[in-house]
Amino acid sequence: MKQRSPGRMGSCRSHRKGVWLIDEDGDRIFKTKPKSLDDCLLQISNQNAKSGKEEPLFSIFEALTTAVQTDFAKKNSATLLYHCLLFIKKGKKGSVNESVLAAKIIALLAVIVEDEDNAHEIFQDSVSVLPQFLDNFDVVSEILNCLAVTAVFGSYDTNETQQVMQIIWKFVQVKKHSAAAISAWCFLLSTIEIWDIHHKDWQSAIPFLSNLLEDDDDESVYAAAAEALALIFEINCLEKFAVEAKDKDPDTIKQILMSKKASRWEVVVNEEGETEEEESNEGMEVLEYFESGEFSKTHTKIGKDKILISTWCRKIQLNFIRGVLGEDGFVKHMRQNVNVQAIFEFTPKVKAKNAIASPEREEVTMSIFLPKVERKEEDAFGLPFVTREQKIWKRVNSKAPSFLNKAKTCLMNKRRMVSEGHKYQFFNDD
């Protein structure tokens with residue numbers, strides 16, 4: 001009997017897809033080969049399998065978070081969206097984890113796809129389905145985040161964005177203790193220009209949020225309402241958010257924040273065992289804003305690059321996107337995802353040795369030089385004489401589009417190659 005070769009040191013071959021490894025304790029463990037995204041999509045698409053969908057869903061979610069899978073999203077966005085919506089439609093009858101992952105994947109698809117029509121399709125299908133399941137407490141935060149993200153990255157105009165804001169605002173008024181809903185609404189508001197904000201849709205916003213500050217003891221709701229008010233006053237178009245004059249007065253908000261300040265002291269024990277009073281940080285930054293009238297500028301680092309945070313608008317956008325993508329996913333998408341970069345007007349720096357120089361402007365031109373030859377105006381038969389210059393010009397001019405098209409094709413190919421080179425540059429990880 002022929003003996004099989006043992007393979008390389010530290011591993012053994014197996015009939016299954018994977019490899020036997022030797023761990024630090026000397027034990028043999030079998031590590032399966034990671035599935036491709038296409039395999040995972042095929043697995044969740046299998047209608048005959050009643051279970052086992054959570055693992056491939058998580059694999060897809062992790063892959064879309066940690067890398068900008070543009071080609072996969074472009075090729076499979078419709079199929080993946082359809083199946084993710086099916087998981088959510090199962091509602092409380094289905095798996096909570098599957099529904100949560102499905103909502104997160106839909107949001108990631110909207111962030112990644114580059115085609116505007118594909119993104120709008122994701123937005124439309126999501127808005128038509130997801131609001132029906134806001135009563136599912138287990139997945140409500142993910143559904144709210146998904147609605148907000150698909151609206152920002154997939155809507156065609158601010159009217160569509162404000163339609164989603166209306167859906168979320170109605171939910172806020174019914175479920176007053178939802179910090180996630182207030183944050184999602186606030187994120188959408190931060191993406192709309194002042195002149196595009198509807199005049200009569202949000203006139204109850206300031207008094208409603210002010211009441212939340214006074215009556216709600218939940219830290220997260222208090223912080224979300226305070227930031228929403230700070231954003232509204234920063235926008236400085238108060239007639240769209242309140243009717244009565246007292247609601248438009250920033251001193252009113254400041255008094256509410258200060259009155260809550262006294263009740264938000266915590267008793268803590270220091271290293272020496274002595275008791276100290278320590279103030280909760282939630283809402284303090286907002287109070288400082290209403291006291292000084294200025295936002296405290298700061299920045300966040302992406303490698304060696306910095307993003308300046310100089311307004312409540314920018315702070316809210318950054319915190320929301322970072323919350324959806326996670327810290328590692330946020331950094332990855334800020335470096336490689338043009339859709340996310342566009343929101344923050346951010347262009348990452350690249351290492352000089354990998355930089356590809358390309359001209360700012362290139363044109364295709366053609367010059368024709370003809371010798372001057374004198375001729376009579378008519379030939380022997382009295383007909384207009386066609387000069388040599390005219391014949392040459394006619395012949396060359398008829399071929400000019402062909403010459404230009406070939407040159408333009410070469411130029412476009414060159415630009416495409418340069419673009420591909422930029423896509424695969426290494427970003428500075430320091």
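Residues numbered from 1 in each chain as written. Predicted model: local features only at pLDDT ≥ 70, side-chain atom pairs only at ≥ 80, totals over all residues. Heavy atoms only, no water.

Draft legend 1. Quick look at the packing of helix 5 (residues 116-129) against helix 7 (residues 158-174). Two elements in contact, helix 5 and helix 7, have axes whose closest approach is 12 Å; the angle formed by their N-to-C orientations is 25 degrees. Considering their axes alone, helix 5 and helix 7 lie roughly parallel with respect to each other. Relative to helix 7, the crossing made by helix 5 is left-handed. Residues His 120, Phe 123 and Val 127 of helix 5 touch helix 7, and the partners they reach there are Glu 160, Val 164 and Ile 167. Looking at the contact of helix 5 with helix 7, its residues break down into four nonpolar, one polar and one charged. (Axes fitted to C-alpha atoms, helices over the stretch in contact; angles between N-to-C directions. Helix = DSSP H or I, 4+ residues; strand = E, 2+ residues; numbered from the N terminus. Parallel < 35°, antiparallel > 145°, perpendicular 65-115°, else oblique. Left-handed = near helix turned anticlockwise from the far one by under 90°. Contact = heavy atoms within 4.5 Å. Nonpolar A, V, L, I, M, F, W, Y, C, P; charged D, E, K, R; others polar.)

Draft legend 2. Here's a closer look at unusual backbone geometry. The backbone of Asn 236 shows a phi angle near 65 degrees, a positive value even though the residue is not glycine. Assignment of secondary structure puts Asn 236 in the loop between helix 10 (219-235) and helix 11 (250-261). Overall, the relative accessible area of 61% leaves Asn 236 in the exposed class. With phi around 50 degrees, Glu 345 is a residue other than glycine that occupies positive phi space. With respect to the helices, strands and loops of the structure, Glu 345 is situated in the loop between helix 14 (338-344) and helix 15 (388-423). Assessed through its relative accessible area of 70%, Glu 345 is described here as exposed. (Buried < 20%, exposed > 50% of the residue type's maximum accessible area, 1.4 Å probe, protein only.)

Draft legend 3. Inspection of the confidence of the model for the chain at higher detail. On average, residues of the chain score 79 in pLDDT, and 67% of them are at 70 or above. Contacts of residues 265-270 to residues separated by more than four positions or lying in other chains number 16 contacts, the stretch itself having pLDDT below 50. Overall, residues 375-381 carries pLDDT values under 50, and its contacts beyond four positions in sequence, including any with other chains, amount to nine contacts. (pLDDT = per-residue confidence, 0-100.)

Draft legend 4. How the structure looks around the nonpolar core. Among the nonpolar cores identified, the biggest contains 112 residues, and Leu 80, Trp 185 and Leu 209 are the most heavily contacted of them. Other than its neighbours up to four places away in sequence, Leu 80 contacts Leu 41, Ile 44, Ile 60, Leu 64, Phe 72, Ile 105 and Leu 109. (Core = buried A, V, L, I, M, F, W, Y, C linked by side-chain atoms within 4.5 Å.)

Draft legend 5. Spotlight on the environment of Leu 238. Tracing the sequence through the fold places Leu 238 in the loop between helix 10 and helix 11. Separated by ten residues in the primary sequence, Leu 238 and Lys 248 have C-alpha atoms spaced 6.0 Å apart.

Draft legend 6. Local environment of the environment of Lys 349. When you line up the elements, Lys 349 lands in the loop between helix 14 and helix 15. Taking C-alpha positions, Lys 349 is 9.1 Å from Gly 303, a pair spaced 46 residues apart along the chain.

Draft legend 7. The arrangement of the pattern of salt bridges in detail. Taken as a whole and assessed by the stated rule, the structure comprises five salt bridges. The shortest N-O distance in the salt bridge between Lys 246 and Asp 247 comes to 3.3 Å. Judged by relative accessible area, Asp 247 falls into the buried class, the value being 10%. (Salt bridge = Lys/Arg side-chain N within 4 Å of Asp/Glu carboxyl O.)

Draft legend 8. Fine view of the environment of Ser 99. Along the chain, the position of Ser 99 falls in helix 4 (residues 96-112). Through-space distance from the C-alpha of Ser 99 to that of Leu 57 is 9.7 Å; in sequence the pair is 42 residues apart. Apart from the residues lying within four places of it in its own chain, the contact partners of Ser 99 are Phe 87, Ile 88, Gly 91 and Val 139.

Draft legend 9. Main features of the pairing of strand 6 (residues 298-302). Bridge analysis of strand 6 against strand 7 (residues 305-309) gives five bridges, and the strand direction is antiparallel. If you follow Thr 298 over to strand 7, its bridge partner there is Ile 309. Connecting strand 6 to the next strand, strand 7, in antiparallel fashion are two residues, including Gly 303 with a positive phi near 65 degrees. (Pairing = 2+ DSSP bridges.)

Draft legend 10. Geometry of the side chain of Ser 210. Within the secondary structure, Ser 210 sits in helix 9 (residues 205-215). Residues contacting Ser 210, with those up to four places away along its chain left out, are Leu 229, Ile 253 and Ile 256.

Draft legend 11. Main features of the packing of aromatic side chains. What the rule picks out here adds up to eleven aromatic pairs. Centre to centre, the rings of Trp 185 and Trp 202 are 5.7 Å apart; their planes meet at 70 degrees, and the pair counts as edge-to-face. Taken together, the positions of Trp 185 in helix 8 (residues 179-189) and Trp 202 in the loop between helix 8 and helix 9 put the pair 17 residues apart, joining distant regions of the chain. Like Trp 202, Trp 185 is buried. (Phe/Tyr/Trp six-rings, centres within 6.5 Å; stacked < 30°, edge-to-face > 60°.)

Draft legend 12. Spatial organisation of helix 3 (residues 70-89). Between its first and last C-alpha, helix 3 extends 26 Å over 20 residues, near the 28 Å set by a 1.5 Å rise per residue. Maximal helix bending in helix 3 amounts to about 70 degrees, located at Asn 76. By the burial criterion, the buried members of helix 3 are Phe 72, Ala 73, Asn 76, Ser 77, Leu 80, Leu 81, His 83, Cys 84, Leu 85, Phe 87 and Ile 88. Buried-residue contacts for helix 3 involve helix 1 (37-45), helix 2 (54-66), helix 4, helix 5 and helix 6 (140-154). (Expected span 1.5 Å × (residues − 1). Bend = angle between axes of the 7 residues up to and from the residue.)

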